[in-house]
Amino acid sequence: MTAEVREPRDNRSAPRPIPTLRRDDRGLPFVGQLLEYAKDPVGLYRHHWERYGPVAPFRTVGRDAAMLLGPDACGEALQNKDKAFANGPAWSQLVGPFFNRGLMLIDFDEHHGHRRIMQEAFVRPRLEAYTRRLHPAIEQGMATWTADEEFPAHWRLKQLTLDIAADLFMGGARDTSQAEMDRVNRSFIACVQAAAGIIRANVPFTRWGRAYRGRGVLESFLRHYLPAKRATQTDDIFSVLCHIETDDGDRFGDDDVINHMVFLMMAAHDTSTITTSTMLQYLGQHPVWQERCRTEALALGPAPSVAELEGLVSLDLVMREALRLRAPVPVVVRHTVKETVVQGVRIPEDTGVALGIQFTHLMEDYWTNPTAFDPERFSPERREDRSHRFAWEPFGGGVHKCIGMYFAGLEVKAIMHRLLREYHWSVDPGYVPPMDNHSLPFPKDGLPITLTRN
Ligand code: HEM
């Protein structure tokens, strides 16, 4: 890692156009470079960085786009000083209409208004109440786990975070049968999986067709419970969204509550699963770190408070390192609503832009031996994440920075805390998970680990 930060480019000279995509980088007709991205995202970033620099041309489904690489370029777009970058038109192309009007998909003044209200759902006393709910939900979700030589950790964690969400977000759904709840879960997953759909229209038997039906099921399910949630105050997120208001008395209407609920469940689900399963993989491959984290976990009781979870120092280092090595949201997208300049390069209005967050996390300019698992790099003595303001951005930055980041850390640590107390596990040190990168990255083999009870 070089100690000094790369010199910013001279932005005062006339802006240059985005470099032209060379013929051998154009990819296949229609899908462009998407298949190459899915095969090896970091390889593609590196190639573009070396060939084109921080604002690189990129071709996705039928359109030319720009890829921002490195913390200077990504930082400029995240800060969005001239309000040229919008979220809605960019994310809705990726995740489709199924997360319509979620906080991440609205922009500018409207976004500011909604974010001010939602902030109330993530203040410390609320986080403490959610954390109290987390422990029994985790205990119940893990009750069916059994020691296994090939325990599919990723799939089990995915189910666990879904079970946790049913309680934490919904507060349980008392008048819904298990069969109906399973249908709701399937509908939710159909919406999430739509991001990887090739046919992007409401066509039966396609991912998008299933997602359209799924969104309908979710909406009617949530609408059914809405009057009861409005009528009483409980500490699940559904009820909280119904009751929070700003000091000026701004509140969410019924449609807002439903749209935000569907989006929040999506935002919380795979991201937390990926973080936890990455931690399991690396701790399974680095038993010394696993033992270090276990010692801290065993020093606490079975249901630690927010302050106690925050005190799990080694686990926190491991979580940061996992988020660096496998950012659950490796790319953040934007769409320009007017012409702008990034790193001296002119990006025209109406351009799709992809910010390669994951690439920054692996740049040798900012990290020592970037592909190595080395949680100490985040220790107070080293703080490599401070090598650049935007060197470590798994939660994004600017006004759309993840509103659930503290809560995500608590959920991940609460799961890990219980796992460390109850189990040991190991993973072959040479294991490299076969990743699916079509949507959020996950190990296609389900991340098999050898799990034994303590
Ligand atoms: C490790 C877990 C998580 C990661 C890595 C993550 C990552 C991100 C990223 C990168 C963004 C910024 C997107 C952009 O700039 O366009 C974001 C936004 C958001 N996240 Fe998370 N997230 C996580 C967990 C959660 C959880 C648990 C919740 C809710 C309970 C949540 C709710 C949101 C919301 C509402 C936004 C939109 C914020 C806005 O636009 O103002 N996230 N997240």
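Residues numbered from 1 in each chain as written. Predicted model: local features only at pLDDT ≥ 70, side-chain atom pairs only at ≥ 80, totals over all residues.

S.K.: Please set out the sheet that holds strand β4 (residues 85-86) residue by residue, giving values where relevant.
M.R.: Reading across from one edge, β2-β3-β9-β6-β4 is the order of the five strands in this open sheet, with mixed pairing throughout. A single partner strand is all that each edge strand has here, and the edge strands are β2 (55-60) and β4. Bridge analysis of strand β3 (residues 63-68) against strand β9 (residues 352-355) gives four bridges, and the strand direction is parallel. Pairing of Leu-68 across the sheet is with Leu-355, part of β9. (Pairing = 2+ DSSP bridges. Helix = DSSP H or I, 4+ residues; strand = E, 2+ residues; numbered from the N terminus.)

S.K.: Account for the nonpolar core, with residues named and values stated.
M.R.: Nonpolar side chains in soluble globular proteins tend to end up buried together. Core analysis: the largest hydrophobic core is formed by 121 residues, its most contacted members being Ala-66, Leu-68, Met-261 and Val-353. The element best represented in this core is helix α11 (residues 254-285), accounting for 14 residues. Ignoring sequence-local partners within four residues, the contact set of Leu-68 consists of Pro-54, Val-55, Ala-73, Cys-74, Ala-77, Val-342, Val-353, Leu-355 and Gly-356. (Core = buried A, V, L, I, M, F, W, Y, C linked by C-beta atoms within 7 Å. Buried ≥ 20, exposed ≤ 12 C-beta atoms within 10 Å, placed from the backbone. Contact = placed C-beta atoms within 7 Å.)

S.K.: Can you lay out the site of the ligand for me, pointing to particular residues and giving the numbers?
M.R.: Around the ligand, the structure places 22 residues, and the nearest of them are Ala-268, Thr-271, Gly-396, Cys-402 and Gly-404. Where the shell around the ligand is concerned, the elements lending two or more residues are α11 and α16 (405-422). No other element matches α11, which puts six residues into the shell around the ligand. (Near = placed C-beta within 6 Å.)

S.K.: Explain the sheet that holds strand β7 (residues 340-342) to me, using residue names and the numbers behind them.
M.R.: One open sheet holds the three strands; their spatial order is β1-β8-β7, and the pairing between them is mixed. Each end of this open sheet is capped by a strand with a single partner; those strands are β1 (16-17) and β7. Where β1 and strand β8 (residues 345-347) come together, two bridges link them in parallel fashion. Looking at the pairing, Arg-16 lines up with Val-345 of β8.

S.K.: Which residues make up the pairing of strand β6 (residues 332-336), and what are the values?
M.R.: Of all the five residues making up β6, five are buried; the element is thus mostly covered by neighbouring parts of the structure. In β6, alternate side chains face the same way, and those of Val-332, Arg-334 and Thr-336 on one face and Val-333 and His-335 on the other are all buried. As paired strands, β4 and β6 are joined by two bridges and run antiparallel to one another. For Phe-85, the partnering residue across the bridge sits in β6 and is Thr-336. In the sheet, β6 pairs with β9 via four bridges, with the strands oriented antiparallel. From the neighbouring strand, Val-333 faces β9, where its bridge partner is Ala-354.

S.K.: So what about the packing of helix α12 (residues 287-298) against helix α14 (residues 313-325)? Which residues, and what values?
M.R.: Running from N to C, α12 and α14 point in directions that differ by 135°, and their axes come no closer than 7 Å. The orientation of α12 with respect to α14, classified from their angle, is oblique. Where α12 approaches α14, its residues Trp-289, Arg-292, Cys-293 and Glu-296 are matched on the opposing element by Val-313, Ser-314, Leu-315 and Val-318. Here the residues of the contact of α12 with α14 sort into five nonpolar, one polar and two charged. (Axes fitted to C-alpha atoms, helices over the stretch in contact; angles between N-to-C directions. Parallel < 35°, antiparallel > 145°, perpendicular 65-115°, else oblique. Nonpolar A, V, L, I, M, F, W, Y, C, P; charged D, E, K, R; others polar.)

S.K.: Lay out the UniProt feature "binding site: heme" (unreviewed entry) in the protein with the relevant residues and their values.
M.R.: UniProt marks Cys-402 with the feature "binding site: heme" (unreviewed entry), using the numbering shown here. Tracing the backbone through its elements, the reader meets Cys-402 in the loop between α15 (357-360) and α16. For Cys-402, a count of 18 C-beta atoms within 10 Å corresponds to the partly exposed category. (UniProt positions renumbered as here; feature names shortened; annotations may be inferred.)

S.K.: Could you give me a rundown of helix α4 (residues 88-95), with the residues and numbers involved?
M.R.: In an α-helix, one turn spans 3.6 residues; hence positions three or four apart end up facing the same way. Those residues of α4 lying buried are Gly-88, Ala-90, Trp-91 and Val-95. Projected down its long axis, α4 shows its buried positions confined to an angular sector of 160°, all on one face. Taken together, the buried residues of α4 touch β4, β6 and β9. Positive backbone phi, at 75°, marks Gly-96, one or two positions downstream of α4. (Arc of directions from axis to C-beta.)

S.K.: Give me helix α9 (residues 207-231): which residues, what numbers.
M.R.: Its 25 residues give α9 an end-to-end C-alpha distance of 36 Å, which sits within 8% of 36 Å, the value for a rise of 1.5 Å per residue. Roughly 40° is the biggest bend found in α9, and it falls at Tyr-225, with proline Pro-227 one to four residues downstream. Those residues of α9 that fall on the buried side of the exposure criterion are Arg-207, Trp-208, Arg-210, Ala-211, Tyr-212, Gly-214, Arg-215, Leu-218, Phe-221, Leu-222 and Lys-229. Packed against the buried residues of α9 are α8 (178-193), α10 (237-243) and α11. (Expected span 1.5 Å × (residues − 1). Bend = angle between axes of the 7 residues up to and from the residue.)

S.K.: For unusual backbone geometry, give the residues involved together with the corresponding values.
M.R.: Unusually for a residue other than glycine, Gln-343 sits at a positive phi of about 50°. A positive phi angle, near 35°, is found at Arg-383, a position not held by glycine. Structurally, Arg-383 is set in the loop between α15 and α16. Owing to 12 C-beta atoms within 10 Å, Arg-383 belongs among the exposed residues under this scheme.

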